[in-house]
Amino acid sequence: MPVALAVGPASVVAAVLVPAGLMMIWTMDVRQGWALQVPGVFRLLWSAGPAAATYAYYLRRRGVCRFCGPGG
C-alpha cells in the first residue's frame, strides 16, 4: 500500500481536529451548558495523537533517502 494512501487521510483528520477544538474555546459560553462544551476543548489534545501516529507511520514506511541513506 502506498504511504500517501494512509498518511493523507490521517493528516486531514489531525488537521481538522485543531480548528474544531479552537472553535470550542472561542465560542465557549459556560451559561449554555458547560458539560457539553468543555469536552470539546480536548480535541486539541486528541489531534496530537493522530498527528504523531501519522508522522511515525510515515517515518517507518518511507523509502531510502538517496542522499543520506536513512529510511527503508
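Quick caveat, the model's predicted, so the values are computed rather than measured.

1. Points about helix α1 (residues 3-26)
Step number 1: The end-to-end C-alpha distance of α1 is 35 Å, a good match for the 34 Å that 24 residues give at a rise of 1.5 Å each.
Step number 2: Here α1 has its buried residues at V7, A14, A20, G21 and M24.
Step number 3: Where α1 is buried, its residues meet α2 (34-37) and α3 (43-61).

2. Observations regarding the confidence of the model for the chain
Step number 1: Within the chain, residue pLDDT values average 82, and 90% of them lie at 70 or more.
Step number 2: The weakest mean pLDDT in the chain belongs to α2 at 76; the strongest belongs to α3 at 89.

3. Some thoughts on the packing of α1 against α3
Step number 1: One can describe the packing of α1 onto α3 by two numbers: an axis separation of 8 Å at closest approach and a directional angle of 160°. In terms of orientation, α1 and α3 fall into the roughly antiparallel class. Between α1 and α3 the crossing geometry is left-handed.
Step number 2: Of the residues belonging to the contact of α1 with α3, the class tally is 17 nonpolar, four polar and two charged.

4. Structural notes on a nonpolar patch on the surface
Step number 1: A cluster of nonpolar residues, W34, V38, F42, L45 and W46, forms a patch on the protein surface that exposes about 590 Å² of accessible area.
Step number 2: Relative to the elements of secondary structure, W46 occurs in helix α3.
Step number 3: Judged by relative accessible area, which is 54%, W46 ranks as exposed.

5. Some details on the environment of R66
Step number 1: Tracing the chain through its elements places R66 in the segment after α3.
Step number 2: Distance from R66 to G49, taken between C-alpha atoms, is 30 Å for residues 17 residues apart in sequence.

6. Let's talk about the side chain of T54
Step number 1: When you line up the elements, T54 lands in helix α3.
Step number 2: Apart from residues lying up to four places away in sequence, T54 is in contact with V7, A10 and S11.

7. Some remarks on the environment of L44
Step number 1: Relative to the helices and strands, L44 is located in helix α3.
Step number 2: Under the relative-accessibility criterion, L44 is labelled partly exposed at 27%.
Step number 3: Along the backbone, L44 and I25 are 19 residues apart, and their C-alpha atoms lie at a distance of 9.9 Å.
Step number 4: Look past the residues within four positions of L44 in its chain and what remains in contact with it is V18, G21, L22 and I25.

What counts, and where the lines are drawn
Each chain has its residues counted from 1, following the order in which its sequence is written. For this predicted model, a pLDDT threshold of at least 70 governs which residues receive local features, and a threshold of 80 or more governs which side-chain atom pairs are given and counted, while totals over whole chains, interfaces and linings are taken from all residues. In computing side-chain values, all of the structure's heavy atoms are included and hydrogens and water are not. Comment: elements are numbered from the N terminus, with helices defined as DSSP H or I runs of at least four residues and strands as E runs of at least two. The span expected for a helix works out to 1.5 Å for each residue beyond the first. Whether a residue is buried, partly exposed or exposed follows from its accessible area with a 1.4 Å probe, protein chains only, as a fraction of its type maximum: under 20%, in between, or over 50%, in that order. Pairs of residues are marked as contacts when any of their non-hydrogen atoms sit within 4.5 Å. As a per-residue measure, pLDDT reflects the predictor's confidence and takes values from 0 up to 100. All axes are obtained by fitting lines to C-alpha atoms, using only the stretch in contact for helices, and the reported angles, taken between N-to-C directions, cover 0 to 180 degrees. Here the angle decides the label: under 35 degrees means roughly parallel, over 145 means roughly antiparallel, 65 to 115 means roughly perpendicular, and every other value means oblique. By the definition used in this description, the sense in which the near helix is turned from the far one sets the handedness, with an anticlockwise turn below a right angle giving left-handed and a clockwise turn giving right-handed. All residues other than Ala, Val, Leu, Ile, Met, Phe, Trp, Tyr, Cys, Pro, Asp, Glu, Lys and Arg, Gly among them, are scored as polar; the first ten of these are nonpolar and the last four charged. Here a patch means residues that are over 30% exposed by relative accessible area and free of salt bridges, tied together within 9 Å if like-charged and within 5 Å if nonpolar (Val, Leu, Ile, Met, Phe, Trp, Tyr). Using a 1.4 Å probe, accessible areas were evaluated by the Shrake-Rupley method; residue-level cover was limited to the displayed protein chains. In the sections that follow, a salt bridge refers to a side-chain nitrogen of Lys or Arg positioned within 4 Å of a carboxyl oxygen of Asp or Glu.

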